[in-house]
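# Residue-level structure breakdown
Residues per chain, in single letters:
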Amino acid sequence: MKLRLLFLSLFCSLLLANGVVRAQSVGIIGDATPTLWDSDTDMVLDSADSWSITINLKAGGAKFRLDDKWDINWGAGDFPAGIGTQGGANIPIPAAGEFKVTFNSATGAYKFVVQSDIGIIGDATPGGWNDDTNMFRDTIANKYFLTLPLTKAKAKFRQDDKWDVNWGSIDFPTGVGTQGGSDIPIAAAGKYLVTFDKSTGAYDFKEVIEFNTIGLIGTATPGQWASDTNLTRDAGNPDIWKGKFNLTVGLAKFRANDAWTISWGDTTWPAGIATLGGPDIPVKEAGDYQVTFNTKTGEYKFLIIGNYGSIGIIGTSTPDGWASDVNMDNDPIDKSIWKKRIILKTGLAKFRADDQWTNNWGGATFPTGTATLDGADIPVDTGEYIVHFNSTTLEYNFEKLKFYSTVGIVGTGTPLSSWDIDVDMTKDVADESFWYINSITLQADPVTLGDGKVKFRAEDAWTVNWGGTNFLSGVGTQDGSDLIVVPGTYKATLNSATGEYAFVDPVSTFDVLRSDVIKLFPNPANDVVNIQISEKSLQGDVKITIFNSLGAAVSVQNLNVQESATPIKIAGLVSGNYLVQISNSKYTVGKSLVIVK
C-alpha cells in the first residue's frame, strides 16, 4: 500500500483553469474557538468567495483554513479586521463575546464584529461615519472597551447602531460625553485602548505604544552610541525581546524604534528592572551575551555565553566519582547546548567547565532544574540517562531511559485480532530502544466490523503500554488512547525511550524513527529547535505541526528542510512535552520535544 498523505492531490483538486482556489469549505479554528485547535467550526458560504458565521469566541488566537486541513490557511496579526495571508500569524481575539465573523477566501479579507449595544463611529474610526465598530462589554456593568487604530479626525459613541442615543464632547483624550454632544476630536493618529461608561458618559483614549524595533545602544555595544544593535521580538510574547551580542566593558541602554523618544536604563548588572529614561546600564565584563528585555515590566538579563572547551558531569553518581569529569557533547549549532548519554548511580552530581572548579554549577532539584554557580550538588537516582545542560541559561534535564525484553502490538486491528496476544516486534541490534516490524497488515475489527484498534505494550503485559490519538505517527503515552487504524499493510516502528511511533510504507528502505534520520536539536529546547533530515525522500517542503500534551495543535509552520539544520520557531510555547509532526507528500513522522524555559 502506498501512502500519499498530503499536498499533491489536494492542490490538483483545488486549482481551476484560471488558477483560483475554490473552497469546498472554510472553517475557523483556534484556542479562541469552541473546538480549540482540534477541529474547525465551518462557516456558511454566502456568495462566491464570501463566508460568514456567528460564533461565541473567547480570548485567544484564531485562523481560517480550507477544507479542514492546514495546507491552505489564513491569518494575520490585525483585529478586528485585516487581510489574512497564507500561513500568517494567529488572529488575536482580545476578549470573549459573540461575534459575527466574515471572511473572503479570494482576497483574505476578514472582519470580527462583536455583538454589543455600544459602538464607536466617526471618520477617525475604521468604519467611518457609516459603520460602527462595536466595543466589548466589560465584566463591570455599563463599561465597554476596545483597542483599535484611529486617524486624526473625529469620533462619537452611540447605542444600537442608531443616532437616537449617542455621546460626544470636545475633550480629548478623556472626558464625559453627553447625549448629542460634540464630536470628540482625535488629536493624533495611532492605536488606542478606548474605554466608555454608558451610565456616566465617561470615556478615555489611551494610546497603545507599539515598538517596531528594540535595540541595545551604548559604548559597550558594537554600534556604540551611533546606532542600535536590534533584538528580536519573541514570537509568543510581544513584550519580550531577545538577542545574542558581543559586548565590551562600558555602558548600554535599551531604546525603541531607533530613537531617544523612548529608552530604558538602570544601574544594576547583570539583571534588573529598567525604567523609562533611566540611567545607563554598566556592562562590567566583556564577552558574548544572551540578552533579554521585557518592554512591559522593564525586566532585563545579560546572561554570559561561556566559551568553554568542555562541559563535564562529575560526582559520586558518575563512573569516576569526584576524581574526573565525564565530558558532554557540544551541539554543533548552539555552543550553549551540551548532551550526554550516561549510566548513573544513586548519588550526587554537578556540571563544570574545562575540568576545573572555577566554573561549576549545581541545583537542589532532580531530574530537571536551573543550576546556579557553585550551587548545591544535584541528587541523582540510579539509571541510564540522556543528560542535557545549557551553559548559558543553566537549565538541566536528566531524561531516564527504560529498556524492555519484548515489545509488541496488540488489539483488534492486528492480524491476531486480540487484546491478549501480542504481535512481537524486533529489537534493533544497535539501539535497544528501537523496535520494528517490517510488514504487518492492520484490519477492521473482524467481530464488530467497526474500527480496528491497536496499542503498543512491553513484556506482554499492560504495566507499560503506549497509546495515542494520531495514526499514522505520534508520540505514545502510558495508558494513552487506542490507535484507530486505517486498514492496510505497514512497516511499524516504535522508540520505547520516547514513545515515538510510525506506520509507513512497508517498502521503505529506511527507518524514520532512527536518530540519524530526523534530528531535533537542542532537545530540550528554549526558543528555537533545529530540524535536520538525512534521508533524501523526506527532504524538501514539509509541514511542521506542533501539538501540546493535550493534543491541540499550537503551531503550524511550512519549511523547506534539507540535510543542513533548519530552525523551527518555538519561542511562544511554554515549558512542557510536545509532539512535533513532520509531513510531506509521502510520510508523516512524529518526534517528541521537551521545552524548558
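Residues numbered from 1 in each chain as written. Predicted model: local features only at pLDDT ≥ 70, side-chain atom pairs only at ≥ 80, totals over all residues. Heavy atoms only, no water.

The predicted structure's coordinates, where accompanied by low pLDDT, should not be read in detail. Per-residue confidence for the chain gives a mean pLDDT of 87, with 92% of residues at or over 70. Ignoring residues within four places in sequence, the model shows residues 1–21, a span with pLDDT below 50, making 48 contacts including any to other chains. (pLDDT = per-residue confidence, 0-100. Contact = heavy atoms within 4.5 Å.)

Taken together, the three strands give an open sheet; going across it, the order is 56-57-60, and neighbouring strands pair in antiparallel fashion. Looking at which strands have only one partner, the edges of the open sheet turn out to be strand 56 (518–521) and strand 60 (566–569). Each adjacent strand pair in this sheet contributes to an overall mean axis angle of 30°, direction not counted. Relative to strand 60, strand 57 (residues 528–533) is paired through four bridges, and the arrangement is antiparallel. Following the sheet pairing, Val529 is matched in strand 60 by Ile568. (Pairing = 2+ DSSP bridges. Helix = DSSP H or I, 4+ residues; strand = E, 2+ residues; numbered from the N terminus. Axes fitted to C-alpha atoms, helices over the stretch in contact; angles between N-to-C directions.)

A few words now on the pattern of salt bridges. Pairing is possible between side chains that carry opposite charge, provided their charged atoms lie close to one another. With the rule as written, the count across this model stands at 12 salt bridges. Taken together, the shared-partner salt bridges in this structure form one network comprising Asp117, Arg137 and Lys198. (Salt bridge = Lys/Arg side-chain N within 4 Å of Asp/Glu carboxyl O.)

Along the chain, the position of Tyr396 falls in strand 44 (residues 395–401). A relative accessible area of 2% means that Tyr396 is categorised as buried. Each C-alpha atom, one on Tyr396 and one on Ile337, is 9.9 Å from the other, the two residues being 59 residues apart in sequence. Each residue touching Tyr396, except ones within four places of it in the same chain, is listed here: Phe351, Gly363, Ala364, Thr365, Pro367, Thr368, Gly369, Thr370, Ala371, Ile378, His388 and Phe389. A polar contact of 2.5 Å, which involves the side chain of Tyr396, links it to the backbone oxygen of Thr365. (Buried < 20%, exposed > 50% of the residue type's maximum accessible area, 1.4 Å probe, protein only. Polar contact = N/O pair within 3.5 Å; in protein donor to acceptor, adjacent residues only side chain to side chain.)

Taken together, the side chains of Trp225, Leu251 and Trp260 present a nonpolar region at the surface, about 290 Å² in accessible area. In this fold, Trp260 is placed in the loop between strand 27 (250–256) and strand 28 (263–265). Under the relative-accessibility criterion, Trp260 is labelled partly exposed at 45%. (Patch = residues over 30% accessible without salt bridge, like charges linked within 9 Å, V, L, I, M, F, W, Y side chains within 5 Å. Areas by Shrake-Rupley, 256 points an atom, 1.4 Å probe, with all protein chains shown as cover.)

Along the polypeptide, Asp228 turns up in the loop between strand 23 (214–217) and strand 24 (229–230). Reaching out from Asp228, the side chain makes a polar contact with the side chain of Arg255 at a distance of 2.7 Å.

Turning to the nonpolar core, a few remarks are in order. The nonpolar side chains of a soluble globular protein tend to be buried, and buried together. One finds Phe64, Ile93, Phe99, Phe112, Phe157 and Phe205 to be the most contacted residues of the largest nonpolar core, which totals 44 residues. Ignoring anything within four residues of it in the chain, the contact list for Ile93 reads Ala32, Leu57, Lys58, Ala59, Gly60, Ala62, Phe79, Phe99 and Phe112. (Core = buried A, V, L, I, M, F, W, Y, C linked by side-chain atoms within 4.5 Å.)

What follows concerns unusual backbone geometry. Here the bond from Phe79 into Pro80 is cis, since omega is 10°, no more than 30 degrees from zero. Cis peptide bonds are those with omega within 30 degrees of zero, and the linkage from Phe366 to Pro367 qualifies with 15°. Even without glycine at this site, Ala48 takes up a positive phi of about 45°. On the basis of relative accessibility, which here comes to 66%, the residue Ala48 falls in the exposed class. Although it is not a glycine, Glu459 adopts a positive phi angle of roughly 55°.

Within the structure shown, the criterion is met by 50 aromatic pairs. Between Phe64 and Phe112 the ring centres are 6.0 Å apart and the planes differ by 40°, which places this aromatic pair in the tilted class. In this pair, Phe64 is assigned in strand 5 (residues 60–66) and Phe112 in strand 11 (residues 109–114), connecting sequence segments 48 residues apart. As far as burial versus exposure is concerned, Phe64 and Phe112 are alike and both buried. Taking 6.0 Å as the distance between ring centres and 90° as the angle between the ring planes, the aromatic pair formed by Tyr385 and Phe398 counts as edge-to-face. (Phe/Tyr/Trp six-rings, centres within 6.5 Å; stacked < 30°, edge-to-face > 60°.)

The next point concerns the pairing of strand 22 (residues 202–207). Two elements, strand 18 (residues 174–176) and strand 22, share three bridges in a ladder whose sense is antiparallel. Within the sheet, the bridge partner assigned to Thr174 lies in strand 22 and is Asp204. What sits between the antiparallel neighbours strand 21 (residues 190–197) and strand 22 is a turn of four residues, in which Gly201 has the positive phi angle 85°.

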